[in-house]
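Below, each chain spelled out in residue letters.
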Protein chains: 2
Amino acid sequence: MEEKTKARSIPFARTRDHHANETAEDYVEAVADIIAKSGECRVLELARHFNVSHVTVSRIVKRLQNERLLHSQPYRPIELTPKGATLAKRVRERHQVVLDFLIAIGVDKRNAEIDSEGIEHHVGLKTLAAMKRFLKG
Amino acid sequence: MEEKTKARSIPFARTRDHHANETAEDYVEAVADIIAKSGECRVLELARHFNVSHVTVSRIVKRLQNERLLHSQPYRPIELTPKGATLAKRVRERHQVVLDFLIAIGVDKRNAEIDSEGIEHHVGLKTLAAMKRFLKG
DNA sequence: CGCAATCCGTAGCCATTGCTACATTTTAGA
DNA sequence: TCTAAAATGTAGCAATGGCTACGGATTGCG
Ligand SMILES: [Mn+2]
Ligand SMILES: [Mn+2]
Ligand SMILES: [Mn+2]
Ligand SMILES: [Mn+2]
């Protein structure tokens, strides 16, 4: 999305970018959470977490491993690389801000949890900062 | 018989639903806007709008036609069905609320336009109502 | 009128993320 | 120990949305 790009088309290109990062963000966040909760993260645990088949998880884990966010050996638990752990921390904090923010403006917890799961990936630095200001003020 | 879905997996399933509707929502909104602005909506105009190739637009238009949201004949302008027009109206209003809301909490216009393009599709009725309350209050 | 530019459709490629069915490995219990 | 269950991997299919290349239709202009 460079020079000749019409201004009105930029938001759509950015949204496509957000979606391209979404799986990675949700997976590292999930791996961090599951390890924090139960000590290790298994393919089947991720499958239950996202309510998808273990096959889907297995393939995505392989891709994220190529991107150096995770590592795992066959039939072994999944772990985060330093890069993955850094991303997980950032994503988890952003998710928490979005969730707290929705609750702060009066959304019930259940709907805040649902909507924040999708919204988080589209919250840029400026919007995140605005939400933090709102929560502090 | 229904399987008992784990509570923590529900937000992800809902997010997948939101994404499944996203293209339809953005396209009917774009068609409505383009017709309002220039009288008719052409494949190439949509391609410029989203910054994708005309081939991508053409295939998606065909799918949305099967879903009775649009109709078009080869080499003719694209029009909204009543169903499509109804959806466009709802989507456009929701988008406007999200955009106004982001600006109201202090996000600059440019970033509000970018983030709202993705966020809109994840804003459920409860969250939308909360945003409207905030804007009125 | 006629032709060239423009618009649009089709063919066919890729990546991603769903799935089921089946194969293989690991683990746990009798 | 040793075998059955559980966990994981592999094969292969579908839908969606990106793309380029190319061909046909429409339109505008000289
Ligand atoms: Mn998410
Ligand atoms: Mn999340
Ligand atoms: Mn999204
Ligand atoms: Mn949008």
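Keep in mind the model is a prediction, meaning the values are calculated, not measured.

(A) Quick look at the overall build of chain A. In terms of regular secondary structure, chain A is built from 6 helices and 2 strands. What you see in chain A, going N to C, is helices and strands ordered as α-α-α-β-β-α-α-α. Projected onto its principal axes, the C-alpha coordinates of chain A cover approximately 45 × 40 × 25 Å. Looking at chain A as a whole, 45% of its 137 residues qualify as buried. Pairs at least 24 residues apart make up 51% of the contacts formed inside chain A by residues separated by at least 6 positions. Element-wise, carbon and sulfur atoms account for 53% of the exposed surface of chain A, whose accessible area totals about 7700 Å².

(B) Fine view of the interface of chain A and chain B. With 42 residues of chain A at the interface, the matching set in chain B holds 42 residues. Both sides of the chain A and chain B interface together cover about 3600 Å² of buried area, and 60% of this is carbon and sulfur. Here chain A is connected to chain B by 2 salt bridges. Taking the shortest distance from any N to any O, the salt bridge between A:Arg8 and B:Glu45 comes out at 3.3 Å. Run the count over chain A and chain B and you get 14 residue pairs in polar contact (both at pLDDT 80 or more). Broken down by element, the side of chain A that touches chain B gets its largest block of residues, 10 residues, from helix H1 (residues 10-38) of chain A. Residues of the side of chain A that touches chain B, tallied by class, amount to 15 nonpolar, 13 polar and 14 charged.

(C) Spatial organisation of helix H6 (residues 125-136) of chain B. Taking 1.5 Å of rise per residue, the 12 residues of H6(B) would be expected to cover 16 Å, and the 16 Å separating its terminal C-alpha atoms lies within 8% of that figure. On its buried face, H6(B) sits against helix H4 (82-104) and helix H5 (109-119) of chain A together with helix H4 (82-104) of chain B.

(D) Quick look at the protein's contact with DNA strand C. Neighbouring residues of DNA strand C: 19 residues in total, closest A:Thr23, A:Ser53, A:Arg59, B:Arg42 and B:Ser58. Backbone atoms, meaning sugar plus phosphate, form 57% of the atoms of DNA strand C positioned within 4 Å of the protein. When contributions to the surface near DNA strand C are tallied by element, the ones reaching two or more residues are helix H3 (54-66) of chain A together with helix H2 (43-50) and helix H3 (54-66) of chain B. Element by element, the count of residues in the surface near DNA strand C is highest for H3(A), at 5 residues.

(E) Representation of the relation of the copies chain A and chain B within the structure. Under the fitted operation, chain A is carried onto chain B by 0.0 Å of movement along the axis and a turn of 180 degrees, and the coordinates agree to an RMSD of 0.0 Å. The transformation just described matches what one would write down for a two-fold rotation axis. Considering only C-alpha atoms, the residue of chain A closest to the rotation axis is A:Ile119, which sits at 2.6 Å.

(F) Representation of the protein's contact with DNA strand D. Within the structure, DNA strand D sits among 19 residues, and A:Arg42, A:Ser58, B:Thr23, B:Ser53 and B:Arg63 are positioned closest to it. In DNA strand D, atoms within 4 Å of the protein come from the sugar-phosphate backbone in 55% of cases. The separation between a phosphate oxygen of DNA strand D and a polar side-chain atom of A:Ser58 is 2.9 Å. Broken down by secondary-structure element, the contributors of at least two residues to the surface near DNA strand D are helix H2 (43-50) and H3 of chain A together with H3 of chain B. Looking at which element gives the most residues to the surface near DNA strand D, the answer is H3(B), with 5 residues. The class makeup of the residues in the surface near DNA strand D is 9 nonpolar, 5 polar and 5 charged.

(G) How the structure looks around the coordination of the manganese ion (ligand 4). Residues and elements named next belong to chain B. Ligation of the manganese ion (ligand 4) by protein atoms is provided by Asp26 (OD), Glu117 (O), Glu117 (OE), Glu120 (OE) and His121 (NE2), these donors lying 2.0 to 2.4 Å from the ion. If you list the donors of the manganese ion (ligand 4) from N- to C-terminus, the spacing comes out as D-x90-E-x2-E-H. This pair shows no difference in class: glutamate 117 is buried, exactly as glutamate 120 is.

(H) Structural detail: the side chain of A:Thr81. All names here are of chain A. Mapped onto the elements of the fold, threonine 81 is located in the loop between strand S2 (79-80) and H4. Judged by relative accessible area, which is 12%, threonine 81 ranks as buried. Ignoring anything within four residues of it in the chain, the contact list for threonine 81 reads Arg68, Leu69, Leu70 and His71.

(I) Geometry of the packing of aromatic side chains. On inspection of all chains with the given rule, the structure shows 8 aromatic pairs over all chains. Seen from their ring centres, A:Phe50 and B:Phe12 are 4.7 Å apart, and the 75 degrees between their planes marks the pair as edge-to-face. With A:Phe50 in helix H2 and B:Phe12 in helix H1 (residues 10-38), the pair connects residues from two separate chains. Each member of the pair, A:Phe50 as well as B:Phe12, is classed as buried.

Parameters at a glance
Position numbers for residues start from 1 in each chain and track the written sequence from start to end. Following the order in which they are written, the chains are lettered starting with A and the ligands numbered starting with 1. Since the coordinates come from a predicted model, pLDDT governs what is reported: local features require at least 70, and pairs of side-chain atoms require 80 or more to be given and counted, while whole-chain, interface and lining totals use all residues. Where side-chain values are given, they derive from all heavy atoms of the structure, hydrogens and water being excluded. Helix numbers and strand numbers start at the N terminus; a helix is a DSSP run of H or I with at least 4 residues, a strand a run of E with at least 2. Remark: exposure states derive from per-residue accessible area (1.4 Å probe, protein chains only) relative to the maximum for the residue type, with buried under 20%, exposed over 50%, and partly exposed in between. Working rule for contacts: check all heavy atoms of both residues, and any pair within 4.5 Å makes them a contact. Note on areas: Shrake-Rupley, 1.4 Å probe, and residue coverage restricted to the protein chains presented here. When two parts are brought into contact, each loses some accessible area as probed by a 1.4 Å sphere; the total of that loss over both is the buried area. What counts as a salt bridge is simple: a side-chain nitrogen of Lys or Arg found within 4 Å of a carboxyl oxygen of Asp or Glu. In protein, a polar contact means a hydrogen-donor-capable atom and an acceptor-capable atom, both N or O and within 3.5 Å, with residues adjacent in sequence counting only if both atoms are side-chain atoms; elsewhere, any N or O pair within 3.5 Å suffices. Under the convention adopted here, Pro, Cys and the residues Ala, Val, Leu, Ile, Met, Phe, Trp and Tyr are nonpolar, Asp, Glu, Lys and Arg are charged, and Gly plus all remaining residues are polar. The span expected for a helix works out to 1.5 Å for each residue beyond the first. Throughout, the term near means that a residue has one or more heavy atoms lying within 4 Å of the molecule or strand in question. Least squares is the method for superposing the copies, and the C-alpha atoms it fits come from residues with pLDDT of at least 70 in both. Donors, by definition, are the N, O and S atoms found within 2.8 Å of a metal, the threshold being 3.2 Å for Na, K and Ca, and water is not counted, so a site can look incomplete. A pair of Phe, Tyr and Trp rings is counted when the ring centres sit within 6.5 Å of each other, with Trp represented by its six-membered ring. The angle between the planes then sorts it: under 30 degrees is stacked, over 60 is edge-to-face, the rest tilted.

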